[in-house]
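# A closer look at the structure
Each chain, letter by letter, is given below.
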2 protein chains.
Amino acid sequence: MNLLGYLEEDITIKKPLNLKQVAAQLGVSTATVSNAFNRPDQLSASLRDRILKESAELGYFGPNLAARSLRRGESGVIGVMLADSLSYSFSDPVANQLLQGIAEVLVDKQKQLLLLSSGVVSAQQSSAESLPDGFVLYGALAGNAFNQILRTGKPVVTVDFESSGTASVNIDNEQGAFTIANHALAKQQHPEVAVLGLRLIDAGRVCRLTAPDITTHSGEISRSRLAGYFRAAQGLHCSISPERIWHIPVNSPAQAEIAAREALTSLPRPTTLLCMSDVIALAAIRVAQSLGISVPSELQVTGFDDIPEAARSTPALTTVCQQSLEKGRVAAQMLLEGNPTTSITLETRLVVRDSCL
Amino acid sequence: MNLLGYLEEDITIKKPLNLKQVAAQLGVSTATVSNAFNRPDQLSASLRDRILKESAELGYFGPNLAARSLRRGESGVIGVMLADSLSYSFSDPVANQLLQGIAEVLVDKQKQLLLLSSGVVSAQQSSAESLPDGFVLYGALAGNAFNQILRTGKPVVTVDFESSGTASVNIDNEQGAFTIANHALAKQQHPEVAVLGLRLIDAGRVCRLTAPDITTHSGEISRSRLAGYFRAAQGLHCSISPERIWHIPVNSPAQAEIAAREALTSLPRPTTLLCMSDVIALAAIRVAQSLGISVPSELQVTGFDDIPEAARSTPALTTVCQQSLEKGRVAAQMLLEGNPTTSITLETRLVVRDSCL
DNA sequence: TTGTAAGCGTTATCAT
DNA sequence: ATGATAACGCTTACAA
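Attention in this report is confined to the structure presented alongside it. As the structure is a computational prediction, the values presented were derived from the model and not from experiment.

Let us now look at the overall build of chain A. Within chain A, the regular secondary structure consists of 16 helices and 13 strands. For 357 residues, the compact-globule formula gives about 21 Å, and the C-alpha radius of gyration of chain A, at 27 Å, lies well above that figure. Projected onto its principal axes, the C-alpha coordinates of chain A cover approximately 85 × 50 × 35 Å. Considering chain A as a whole, with its 357 residues, one finds that 53% of them fall into the buried category. Residue pairs in contact within chain A that sit at least 24 positions apart in sequence constitute 70% of those at least 6 positions apart. A total of about 15200 Å² of accessible surface is found on chain A, and carbon and sulfur atoms cover 52% of it. Side-chain charges in chain A split into 30 positive and 34 negative, and the spacing between the mean points of these groups amounts to 3 Å.

Between chain B and chain A, the residue contacts involve 55 residues of the former and 55 residues of the latter. Between chain B and chain A lies a buried interface of about 5000 Å² when both sides are counted; carbon and sulfur atoms form 58% of it. Our enumeration of links across chain B and chain A arrives at 2 salt bridges. Here Glu309(B) and Arg312(A) are joined by a salt bridge, their closest N and O atoms 2.9 Å apart. Classifying every residue of the side of chain B that touches chain A gives 25 nonpolar, 21 polar and 9 charged.

Okay, the environment of Leu350(B) next. With respect to the helices, strands and loops of the structure, Leu350(B) is situated in strand S13 (residues 349-351). It is 9.3 Å that separates the C-alpha atoms of Leu350(B) and Ala177(B), two residues lying 173 residues apart in sequence.

This part is about helix H14 (residues 278-290) of chain B. Residues and elements named next belong to chain B. The first and last C-alpha atoms of H14 sit 18 Å apart over 13 residues, in line with the 18 Å expected at 1.5 Å per residue. Along H14, 11 of the 13 residues are buried, which leaves the element largely enclosed by surrounding structure. What H14 keeps buried is the set Asp 278, Val 279, Ile 280, Ala 281, Leu 282, Ala 283, Ala 284, Ile 285, Arg 286, Val 287 and Ala 288. Its side-chain oxygen at 3.4 Å from the backbone nitrogen of Val 279, Ser 277 defines the N-terminal cap of H14. Gly 292 sits one or two residues past H14 and shows a positive phi near 75°.

Attention now moves to the pairing of strand S2 (residues 112-117) of chain B. All names here are of chain B. Of all 6 residues making up S2, 6 are buried, and the element is well covered by its neighbours. By the alternation rule, side chains of S2 split into Gln 112, Leu 114 and Leu 116 and Leu 113, Leu 115 and Ser 117, which are all buried. Taken together, the 6 bridges between strand S1 (residues 77-82) and S2 define a ladder with parallel strand orientation. When the sheet's bridge partners are listed, Met 81 is paired in S2 with Leu 116.

Our next topic: the protein's contact with DNA strand C. Residues in contact with DNA strand C amount to 22 residues; listed here are only the nearest, Ser29(A), Arg71(A), Leu19(B), Tyr60(B) and Arg71(B). Here, DNA strand C places atoms within 4 Å of the protein, and 70% of those atoms are sugar or phosphate. At 3.4 Å, a side-chain N or O of Thr32(A) approaches a phosphate oxygen of DNA strand C. Here Leu19(B) contributes a backbone N or O atom positioned 2.4 Å from a phosphate oxygen of DNA strand C. The set of elements that each furnish at least two residues to the surface near DNA strand C consists of helix H3 (30-38) and helix H5 (65-72) of chain A together with helix H3 (30-38) and helix H5 (65-72) of chain B. Per-element tally for the surface near DNA strand C: the top contributor is H5(B), with 4 residues. For the surface near DNA strand C, the per-class residue count stands at 9 nonpolar, 8 polar and 5 charged.

What follows concerns the sheet that holds strand S10 (residues 300-302) of chain A. All names here are of chain A. A sheet is described by the order of its strands in space; here 5 strands give the open sequence S7-S8-S6-S9-S10, paired in mixed fashion. Edge strands, defined here as strands with exactly one partner in the open sheet, are strand S7 (207-208) and S10. The sheet contacts of helix H10 (residues 173-186) involve strand S6 (193-198), strand S9 (272-275) and S10, and relative to S9 the element is tilted by about 175°. Seen against the sheet, helix H13 (residues 253-264) touches S6, S7, strand S8 (245-248) and S9 and runs at an angle of roughly 165° to S8.

This part takes up the protein's contact with DNA strand D. In the vicinity of DNA strand D there are 21 residues, among which Leu19(A), Tyr60(A), Arg71(A), Thr32(B) and Leu43(B) approach most closely. When the atoms of DNA strand D within 4 Å of the protein are sorted by group, sugar and phosphate make up 73%. Within the backbone of Leu19(A), an N or O atom sits 2.3 Å from a phosphate oxygen of DNA strand D. Here a phosphate oxygen of DNA strand D and a backbone polar atom of Ser44(B) are 2.9 Å apart. When residues of the surface near DNA strand D are traced back to their parent elements, those giving at least two are H3 and H5 of chain A together with H5 of chain B. If one sorts the elements of the surface near DNA strand D by residue count, H5(A) sits on top with 4 residues. Here the surface near DNA strand D is built from residues that sort into 8 nonpolar, 8 polar and 5 charged.

Membership of the largest hydrophobic core comes to 160 residues, with the highest contact counts inside it found for Leu196(A) and Leu196(B). Beyond its immediate sequence surroundings of up to four residues, Leu196(B) is in contact with Trp246(B), Ile248(B), Ala259(B), Ala260(B), Ala263(B), Leu273(B), Leu274(B), Cys275(B), Met276(B), Ile280(B) and Ala284(B). Leu141(A), Leu141(B), Ala145(B) and Val156(B) belong to the second largest nonpolar core, which has 32 residues in total.

Right, let's get into the environment of Val352(B). Residue and element names in this part refer to chain B. Mapped onto the elements of the fold, Val 352 is located in the segment after S13. With a relative accessible area of 43%, Val 352 lands in the partly exposed category. Between the alpha carbons of Val 352 and Ile 149 there is a distance of 40 Å; along the sequence they are 203 residues apart. Among residues more than four places away in sequence, those in contact with Val 352 are His 183, Thr 318 and Leu 357.

Our next topic: the packing of aromatic side chains. Each aromatic ring pair is characterised by the separation of its centres together with the angle its planes make. All names here are of chain B. Under the defined criterion, the tally for this structure stands at 5 aromatic pairs over all chains. Between the aromatic rings of Phe 37 and Tyr 60, the centroid separation amounts to 5.7 Å while the plane-to-plane angle is 75°, which identifies the pairing as edge-to-face. Here Tyr 60 lies in the loop between helix H4 (45-58) and H5 and Phe 37 lies in helix H3, a separation of 23 residues in the sequence. A relative accessible area of 9% places Phe 37 in the buried class.

Another point: the pattern of salt bridges. Residue and element names in this part refer to chain A. Under the definition given, this model contains 26 salt bridges over all chains. Close ionic contact of Arg 353 with Asp 306 constitutes a salt bridge, the shortest N to O distance being 3.0 Å. Taken as a pair, Arg 353 in the segment after strand S13 (349-351) and Asp 306 in the loop between S10 and helix H15 (308-312) lie far apart in primary sequence, 47 residues in all. Of the residues examined, Asp 306 reaches a relative accessible area of 17% and is grouped as buried. Three or more residues joined by partner-sharing salt bridges are found here, namely Glu 104, Glu 326 and Arg 329.

Taken together, 12 strands build an open sheet; the order of strands is S12(A)-S5(A)-S4(A)-S3(A)-S1(A)-S2(A)-S2(B)-S1(B)-S3(B)-S4(B)-S5(B)-S12(B) and the sheet is mixed. Looking at strand neighbours, the two that pair on one side only are strand S12 (343-346) of chain A together with strand S12 (343-346) of chain B, the edges of this open sheet. Going across the sheet, the axis of each strand differs from the next one's by a mean of 20°, ignoring polarity. Two elements, strand S2 (residues 112-117) of chain A and S2(B), share 3 bridges in a ladder whose sense is antiparallel. Residue pairing across strands places Leu115(A) opposite Leu113(B), the latter belonging to S2(B). Here helix H16 (residues 324-336) of chain A sits on the sheet in contact with strand S1 (77-82), strand S3 (134-138), strand S4 (156-159), strand S5 (167-171) and S12 of chain A, set at roughly 165° to S5(A).

Reading the values: rules and limits
- Residues numbered from 1 in each chain as written.
- Chains lettered and ligands numbered in written order.
- Predicted model: local features only at pLDDT ≥ 70, side-chain atom pairs only at ≥ 80, totals over all residues.
- Heavy atoms only, no water.
- Helix = DSSP H or I, 4+ residues; strand = E, 2+ residues; numbered from the N terminus.
- Rg over C-alpha atoms; globule rule 2.2 N^0.38 Å.
- Buried < 20%, exposed > 50% of the residue type's maximum accessible area, 1.4 Å probe, protein only.
- Contact = heavy atoms within 4.5 Å.
- Areas by Shrake-Rupley, 256 points an atom, 1.4 Å probe, with all protein chains shown as cover.
- Lys, Arg positive; Asp, Glu negative; His and termini not counted.
- Charge placed at Lys NZ, Arg CZ, Asp CG, Glu CD.
- Buried area = accessible area lost by both parts, 1.4 Å probe.
- Salt bridge = Lys/Arg side-chain N within 4 Å of Asp/Glu carboxyl O.
- Nonpolar A, V, L, I, M, F, W, Y, C, P; charged D, E, K, R; others polar.
- Expected span 1.5 Å × (residues − 1).
- Polar contact = N/O pair within 3.5 Å; in protein donor to acceptor, adjacent residues only side chain to side chain.
- Pairing = 2+ DSSP bridges.
- Near = heavy atom within 4 Å.
- Axes fitted to C-alpha atoms, helices over the stretch in contact; angles between N-to-C directions.
- Core = buried A, V, L, I, M, F, W, Y, C linked by side-chain atoms within 4.5 Å.
- Phe/Tyr/Trp six-rings, centres within 6.5 Å; stacked < 30°, edge-to-face > 60°.

What follows is the structure, encoded as structure tokens:
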């Protein structure tokens, strides 16, 4: 093989065909090839079939996405931006269910999914957010990422947080928390309540709250849930003091176990553990078992989320279903069907299983 | 507001700024703005800072991705293509761990993640696979999707399957299965073995195998695991007949429970259940518990994968760690660091916990 | 039905 | 450091 031959082959491998070359090969105009891929009505079915078939044989599988979206102003890609880091999100069952719901709709509507995490975008020199035709934003985004996306002027649906002017999908966290706390506390005479809370304050370690922490606002969702717990407790004339509320910085089993162990070895020992996520609650059940504390007879545990694992554990977890999967579906549908403007609040549902009867 | 005003405003909202407009606003040339974003060495630091700052204030956050990648021939996007449907993959703990590992590396290297599922691509008229600079392919892809990606000539790393000429990350499924089967069977006198297999044949329902199924090859991975089980059994002079092998079409708890129930109510009742995934094994443990069969004293259960939930269940699951997270990391690193050509086989590790001592 | 050509927003080259 | 300009691959209005 000579140098020229080598170069030719190299080019063949490196550069995919483009529409112009295909048109030349097939002996038709570029317009016709383009129409074959984009506007079936502009040519005869037989010609279209021939072009599609033969171009596939040549190794051309459709117009280059960058060029096409540059020209058309749309890409067929939907961006999903996650407040937490990407790799963490894949380990979080709630985020996974949301993504699952979104993916269902996108596949159905033939859209591609570009995953963005708020950290990367702001650091990036080229704006990946210029490509997608629309966005699902999950959770309160760090810093300017949110504004950056809004300024694109593209349709946006936010999930689990709201911002005036954009469509959103939410649940009533306060109400869900109230309902389950009420369920847990109503039937006990003198419940000893502890709360295992998620992201209540701005601290990187597991710790108890202090009185001033109660009035400070930090994470919206957690604060709503805490408010729901308080409302239920007050209605039943029992109280939850700050030092019986634990802050857990990340929704991970490891952190949750630390907090659960602290709570369950503190005195007086809690008889009820209100947990702000299922991951936390499941960890609490494991810790209780390892300490020889029987659930639910000696300790009632409640969760929040209703992740799949909640139904599988023993004892099965009593929790609040927040329909994460449906959230994802609804968000994606709103995004893809017309101009999204409305805000939707999905129902939460008390799911009574064995950990708190 | 008059019609013209309305239109102007509409345009302002709809069309994001472009580099040319920004250059005009700032009173510099397009080349300079472009250089500010792409080639810091081409202008003074102070000018660059001014441009970056002021263009952000104008609402310009960096060059349009479609235009940039059209021009440069690269996009900064990595495509991950999953053999299974996207929404299913998000529910599968193994796929999630792989994605987590990939995401770690991509975030670190400032790459974006485009998720493709093999179903969508082939049906799509525009080729989304033209955008990414490289691909991680997970699992044996349906139909032409694989070839379509290879023909792009872009770097590819395959995970959990091999194809000559492309780099790959794999584990030794046969060896892993052999090791755990050997562990499970070696210490019993006359073990009654049943296998709960994943995707062994081409059938959509849970069912037992028949003799001819044993020789037919279908899913590569499952077949390797089955071969490992057989090798271990033969070495210990015990046998596994086809009607003691169940086929489960999807790695879901629901399907697995059906198979487990069949297996555990069949006679003679198995004393050892070799399961081809942790999801299946965990389902088997739950079914055993519901039938009053004690694990591990009356029934030994082994899994495969070592998903996070395996360590958390009671009894904790004895399984084979296949390092899914590391697989993802390695695959992404291979893809991003130079021309990937090598094939790597990651170690599997027997993890003895309580379900099979 | 087909061919032609403008232009989408960017980068890179070249001369200035 | 700048200005002008040619691509990158495609879509589409328009003319034939």
